[in-house]
Amino acid sequence: MIKKTIYITTLLFLGYNLFVSAIKFSVTPGHQWQDNIITAENYIYEQNDKKIVIVGSSLSVRLVDDLLPKNCYNLSFGGQSAFDGLDIIKKTDSQPGIVLIETNEIFRSAAEDFQNGLFMPIRYTLKKIFPALQEKNQPVCLLNTAVFWSLPKIKDLLVPGTEKKIIANGNSKANPSVGNDIKKFMLDILIADHSKPPHDSIVEEQKKKLIHYKEYFKEKGIEIILYEMPIDEKLANSKLMESVRKLICDVFPPNQYVFLQIQDCSKFSTEDGIHLDQTSAPIYTSFLTDIINRYRSGTTKKSLQKLCTEIPNDNKNSALQHCQTILQWFK
Amino acid sequence: MLFNSYQFIALVAVSFFIYYLPPIKNRQPVLLILASFIFYSANHPKLLLLLTFSIIINTITSYLVFSGSFKYRKAYAATGVCLNLLTLAFFKYSPLFGKSFFPQGNSVGHFLMMIPLPIGISFFTFLGITLLVDSFRSDRIAEYKVLNNKSIMHYSINTALFISFFPQILAGPIVKAHDFIPQIKTKYLKDIDWDHCFKALVLGYFLKMVIADNLKDMTFWIAYPYFQGQTAITLIAMLFGYSIQIFSDFAGYSLIAIGVAGLFGYRLPENFNFPYISQSFSEFWTRWHISLSTFLKEYLYFPLGGNQKGKKRTYINLMIVMVLGGFWHGAAWSYAVWGFAHGAALAVERFLRDKIKVPRNNVITALKVAMVFSYVSVAWLLFKLPDFNHVVSFLATLVNNINTSFNLHIVLPIAIYSFPIVVYHLLYLLRNRTSISYKKLLEPAVYGFLLFMIITNSGSSNAFIYFQF
């Protein structure tokens, strides 16, 4: 019985491996952790030749991939920090031209479990040889994707034009007042968290890591752009964020590095205080893309740097207009 | 050390290889003790002191009960049991005691709250108790052939192996002394029941790594305050998913323990027997965590008088056993509430059983199964949300958010991962309707598929839920 079982498993595995190697899917991850692993594995095994890499936390996960420049990979992870992406770039020995580092969660270290899981020698090699072992090729992940792909089609076929009752994006909107409670609850927690600067030992530790990466990228000829994702205005000038900016400016002198900050965060709206919502995320992505394109086309660092210090005080009331104003001013 | 870690696989492989070498034949228990100490102390070497202390206490007291003066046997046994309970109480309940009975900022209260909970303590102190009680019960002594005419050293080795045996030290099954100790003898490779071990390991790892470890990422959203944003259907799906997760996690662990123990020639008792097909609460407790429920029955319910002292006393005994059983799970009042809920269900069921005669047909059976499962599932909320206010808030959200929409990103994966467990239970219900030859033919294909899923679809590794107890 054991022998037969092992034969069947081997056959299934080899067949499945052939199947996923032959057909490439764009999958719907089941949850955040899986999304993180898929993002990392896609970079490690397939896309580490990208010329622009964005590293960040869940804040940058909100950037809209389709609006980012071509040849750009968003190596940001929900619940984690920019250091996870930086570690991956280093461990894969990849050579992008530009690395954009999100600074908001810079006091958070890389997740050890996550990194160990990705680069455990045996597992890493096996996943490289057998794509069936990669997270995105999990049979249930493919099944999940197939259902999400076919469900709207079936629904439209059965009842054309009816309003969708299935809410397929994050928290449902069944009870908006409850949603607001959560938003307020989360914002209160964040305000409390942001009201205290981090402990000196944490600042020193993160500073060392940033200096290490600054030197590493310099040695490899990789350019660095730092950016701060817009957050709720109640948090934007908190003690924590001031500490973040001070640390960044200490490690990356403003006259040598570009550090993009949105001065007036009230123009952007968030879901919970830190994550841009569906309206603001595309606007900020387009803005970031425009900056990257200008940077690549030779605009001086000094000119770009002005963005973080001399943003005009316009009277427009939307994030889109705000970004457009910044860019027009920049011209 | 997790059962699904490379370190564990390496430990089992190396121990297994050495274990059956001819020169080791007479030292097999010592080798297993050594492997168990490595296993137990892998993450926290200091904990080995506590385990050694427990082994010494239980060895001395049980040896005295077994071979000391007849006059003092009861005193020795009681001392040993008390020492076990005190150790458990000190490490497990001091934080609750400190939190409940000392004002905030009090140094004694702070000290009590800082006492760490050593992993597996609830399990190995119970093993110590079974050793002492079984030693004391004269009818059991006869079964200890292994112990007869042997030296104290030999006795100590056997006791140490019984308490520290690594497949079961962290989360059971809670094997009784009278079941395990007679098994201690020289083992031979030819005696291994390979099919039994292989099936237990494949099914155990499938339940843990594919079902439980994937479901945990969906049931995560039961946490406060995230559940507040979900609709009733999503909340019910998550609760259902958590029921499946906790079963898969613990049943998976137990099966792996049984499989690994089998490789070393030991039979551990079955811990789960398709619990979610139970038609009554009393049946549920004969199918869920069987080793704990039989322990509580044998060592607590019967000594309290069981059902032999009248109806009222039976209800009280049930409540005592279940509340203490709840407290055994964790040092929080919510666990006591959980135990109370189950005790009350058992008492009410017993009361109604005498009063109402329910007709027997498939519809009634299905309703009974659904009712028991729903009640048990709601009670699991107390495991997931240890703050009682959050449990109430969860139930209030469930009632307030009734509508037809749901979050497909949560509901769909729960449905997919729960499906095998539903089928697993259904197949058991239909076991008499399928022919044995048909099952035999399909078995390799089924286990082959499970193994394929373990290889390709495991979730991110996570500690077993019952490790926290």
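Parameters at a glance
In this numbering scheme, every chain counts its residues from 1 along its sequence in written order. Here chains are named by letter from A upward and ligands by number from 1 upward, in the order in which they appear as written. Reporting in this predicted model follows two pLDDT cut-offs: at least 70 for local features of residues, and 80 or more for side-chain atom pairs to be given and counted; totals over whole chains, interfaces and linings ignore these cut-offs and use all residues. Neither water nor hydrogens contribute to the side-chain values; these are computed over all heavy atoms in the structure. What counts as a helix is a DSSP run of H or I of at least four residues, what counts as a strand is a run of E of at least two, and both are numbered from the N terminus. Three exposure classes are used, based on accessible area relative to the maximum for each residue type with a 1.4 Å probe and protein chains only: buried under 20%, partly exposed in between, and exposed over 50%. Between two residues, a contact is recorded if the distance between any of their heavy atoms is within 4.5 Å. We get accessible surface area from the Shrake-Rupley algorithm with a probe of 1.4 Å; when it comes to residues, only the shown protein chains can shield them. The score called pLDDT rates the predictor's confidence residue by residue, from a low of 0 to a high of 100. Where helices are involved, their axes are fitted lines through C-alpha atoms of the stretch in contact, as for all axes, and angles between N-to-C directions lie from 0 to 180°. Angular relationships are summarised with four words: roughly parallel below 35 degrees, roughly antiparallel beyond 145, roughly perpendicular across 65 to 115, and oblique for the angles in between. Any residue outside Ala, Val, Leu, Ile, Met, Phe, Trp, Tyr, Cys, Pro, Asp, Glu, Lys and Arg is labelled polar, Gly included; the first ten of those are nonpolar and the last four are charged. Paired strands, in this sense, are two strands between which DSSP finds at least two bridges. By buried area we mean how much accessible surface two parts lose on assembly, using a 1.4 Å probe and totalling the loss over both. Salt bridges are defined as contacts in which a side-chain nitrogen from Lys or Arg sits within 4 Å of a carboxyl oxygen from Asp or Glu. Any N or O atom pair separated by 3.5 Å or less is treated as a polar contact, with the protein-specific requirement of one donor-capable and one acceptor-capable atom, and with residues adjacent in sequence counted only for side-chain atom pairs. Working definition: rings of Phe, Tyr and Trp (its six-membered ring) pair if their centres are within 6.5 Å, and the pair is stacked with planes under 30 degrees apart, edge-to-face with planes over 60 apart, and tilted otherwise. Only lysine NZ and arginine CZ atoms are considered, and such an atom sits over a ring when it is within 6 Å of the ring centre and within 35 degrees of the ring normal. The patches described consist of residues with a relative accessible area above 30% and no salt bridge, like charges being joined within 9 Å and nonpolar side chains (Val, Leu, Ile, Met, Phe, Trp, Tyr) within 5 Å. One fewer than the residue count of a helix, multiplied by 1.5 Å, yields its expected span. Crossings are sorted by hand: turned counterclockwise from the far helix by less than a right angle, the near helix makes the crossing left-handed, and turned clockwise it makes it right-handed. Directions drawn from the helix axis to the C-beta atoms are what define this arc.

Caption draft 1: Focus on the overall build of chain B. When its secondary structure is counted, chain B shows 19 helices and one strand. Of all 469 residues assigned to chain B, the portion counted as buried reaches 55%. Of all intrachain contacts in chain B linking residues separated by at least 6 positions in sequence, the fraction that spans at least 24 positions is 79%. Split by element, the accessible area of chain B, about 20900 Å² in all, is 69% carbon and sulfur.

Caption draft 2: Just the overall build of chain A, in detail. Along the backbone of chain A there are 14 helices and six strands. Across the 331 residues of chain A, 50% fall into the buried class. Partitioning the contacts of chain A with sequence separation of at least 6, the portion at a separation of at least 24 is 77%. Carbon and sulfur atoms provide 55% of the accessible area of chain A, an area that totals close to 16500 Å².

Caption draft 3: View of unusual backbone geometry. All names here are of chain B. The phi dihedral of phenylalanine 274 falls on the positive side, at around 50 degrees, and the residue is not glycine. Following the sequence through the fold, phenylalanine 274 ends up in the loop between helix H11 (232-263) and helix H12 (281-287). Phi at histidine 289 is positive, roughly 40 degrees, even though this residue is not glycine. Looking at the element boundaries, histidine 289 is found in the loop between H12 and helix H13 (290-301). A relative accessible area of 0% places histidine 289 in the buried class.

Caption draft 4: Layout of the confidence of the model for chain A. All names here are of chain A. Residues with a pLDDT of 70 or more make up 83% of chain A, whose mean pLDDT is 82. Here residues 163-178 is modelled with pLDDT under 50, and outside its nearest four sequence neighbours on either side it reaches 35 contacts, counting other chains as well. Predicted confidence is poor over residues 308-317, with pLDDT under 50, and the contacts of this stretch with residues over four places away or in other chains come to 18 contacts.

Caption draft 5: Region of interest: the packing of helix H1 (residues 6-19) of chain B against helix H2 (residues 28-41) of chain B. All names here are of chain B. It is at 10 Å that the axes of H1 and H2 come closest, and there the two elements cross at 170 degrees. Between H1 and H2, the interaxial angle falls into the category roughly antiparallel. Contact residues: Phe8, Leu11, Ser15, Ile18 and Tyr19 in H1; Gln28, Leu31, Leu32, Ala35, Ile38 and Phe39 in H2. Among the residues forming the contact of H1 with H2, the class breakdown is nine nonpolar, two polar and no charged.

Caption draft 6: Structural context of the sheet that holds strand S1 (residues 52-56) of chain A. Residue and element names in this part refer to chain A. Here five strands make up an open sheet; going across it, the order is S2-S1-S3-S5-S6 and the pairing parallel. Across the chains shown, the open sheet's two edge strands, defined by having one partner strand only, are strand S2 (72-76) and strand S6 (258-260). Strand-to-strand twist in this sheet, taken as the mean axis angle between neighbours without regard to direction, amounts to 20 degrees. Strand direction decides the pairing type here: S1 and S2, joined by five bridges, are parallel. Within the sheet, the bridge partner assigned to glycine 56 lies in S2 and is serine 76. Here helix H4 (residues 82-91) sits on the sheet in contact with S1, S2 and strand S3 (98-102), set at roughly 140 degrees to S1.

Caption draft 7: A look at the interface of chain A and chain B. Taken together, the 41 residues of chain A in the interface contact 41 residues of chain B. Carbon and sulfur atoms make up 69% of the surface buried where chain A meets chain B, a total of about 3700 Å² over both sides. The tally of links between chain A and chain B comes to zero salt bridges. One can count six residue pairs in polar contact (both at pLDDT 80 or more) joining chain A with chain B. The set of elements that each furnish at least two residues to the side of chain A that touches chain B consists of helix H1 (2-22), helix H7 (139-158), strand S4 (166-167) and helix H8 (176-194) of chain A. The residue makeup of the side of chain A that touches chain B, split by class, is 26 nonpolar, twelve polar and three charged.

Caption draft 8: Examining the packing of aromatic side chains more closely. Taken as a whole and assessed by the stated rule, the structure comprises 68 aromatic pairs over all chains. Measuring from ring centre to ring centre gives 6.2 Å for tyrosine 16 of chain A and phenylalanine 19 of chain A, while their planes differ by 40 degrees; the resulting arrangement is tilted. Of this pair, tyrosine 16 of chain A and phenylalanine 19 of chain A both sit in helix H1, three residues apart, roughly one helical turn. Lying over the aromatic face of tyrosine 216 of chain A, lysine 90 of chain A brings its terminal NZ or CZ to 5.5 Å of the ring centre. Against the face of tyrosine 266 of chain B rests lysine 187 of chain B, its NZ or CZ located 4.2 Å from the ring centre.

Caption draft 9: Focus on a nonpolar patch on the surface. A cluster of nonpolar side chains, Val348, Phe351, Leu352, Ile356 and Val358 of chain B, forms an exposed patch at the surface whose accessible area comes to about 420 Å². Looking at where valine 348 of chain B falls in the secondary structure, it is placed in helix H15 (residues 333-355).

Caption draft 10: How the structure looks around helix H12 (residues 280-296) of chain A. All names here are of chain A. Taking 1.5 Å per residue, 17 residues should reach 24 Å; H12 reaches 24 Å between its end C-alpha atoms and fits that length. Counting buried residues in H12 gives twelve out of 17 residues, a clear majority hidden from the surface. For H12, the complete set of buried residues consists of Ser280, Ala281, Ile283, Tyr284, Thr285, Phe287, Leu288, Thr289, Ile291, Ile292, Arg294 and Tyr295.

Caption draft 11: Quick peek at the packing of H4 of chain A against helix H9 (residues 200-220) of chain A. Residue and element names in this part refer to chain A. Packing of H4 against H9 leaves a shortest axis separation of 12 Å and a crossing angle of 35 degrees. Crossing of H4 against H9: the hand is left-handed. Of H9, the residues touching H4 (which contributes Phe83, Leu86, Asp87, Ile89 and Lys90) are Gln206, Lys209, Leu210, His212, Tyr213, Tyr216 and Phe217. For the contact of H4 with H9, the class distribution of residues is seven nonpolar, two polar and three charged.

Caption draft 12: Representation of the pairing of S1 of chain A. Residues and elements named next belong to chain A. In terms of burial, S1 is largely enclosed, as five of its five residues are buried. Residues Ile52, Ile54 and Gly56 line one face of S1 and the alternating positions Val53 and Val55 line the opposite face, and both faces are buried. Pairing geometry for S1 and S3, over four bridges, is parallel. Counted as the bridge partner of valine 55 is isoleucine 101 from S3.

Caption draft 13: Structural view of H1 of chain A. Residue and element names in this part refer to chain A. When the terminal C-alpha atoms of H1 are compared, their 30 Å separation across 21 residues agrees well with the 30 Å that a helix rising 1.5 Å per residue should span. All of the buried residues in H1 are Thr5, Thr9, Phe13, Tyr16, Asn17 and Val20. Seen from one end, H1 has its buried residues packed into an arc of 105 degrees, which puts them on one side. Along H1, the residues that are exposed and aim more than 90 degrees away from the buried face are Lys3, Lys4, Tyr7, Leu11, Leu18 and Ala22.

Caption draft 14: The pattern of salt bridges, seen in detail. For the coordinates displayed, the defined rule picks out 16 salt bridges over all chains. Note that lysine 127 of chain A and glutamate 41 of chain A form a salt bridge whose closest N and O atoms lie 2.5 Å from each other. One end of the pair, lysine 127 of chain A, is in helix H6 (residues 121-129); the other, glutamate 41 of chain A, is in helix H2 (residues 32-45), with 86 residues separating them in the sequence. A relative accessible area of 11% places lysine 127 of chain A in the buried class. The shortest N-O distance in the salt bridge between glutamate 228 of chain A and arginine 245 of chain A comes to 2.8 Å. One end of the pair, glutamate 228 of chain A, is in the loop between strand S5 (223-227) and helix H10 (233-236); the other, arginine 245 of chain A, is in helix H11 (residues 239-251), and 17 residues separate them in sequence. Across the pair, arginine 245 of chain A and glutamate 228 of chain A agree in class, each one buried. Each of the salt bridges in this network shares a partner with another, and the network as a whole consists of Lys208, Asp213 and Asp249 of chain B.

Caption draft 15: Broad picture of the pairing of S3 of chain A. Residue and element names in this part refer to chain A. In terms of burial, S3 is largely enclosed, as five of its five residues are buried. Burial along S3 is two-sided: Ile98, Leu100 and Glu102 and Val99 and Ile101, pointing in opposite directions, are all buried. Alignment of S3 against S5, held across five bridges, turns out to be parallel. Among the inter-strand pairings, glutamate 102 is bridged to a residue of S5, identified as tyrosine 227.

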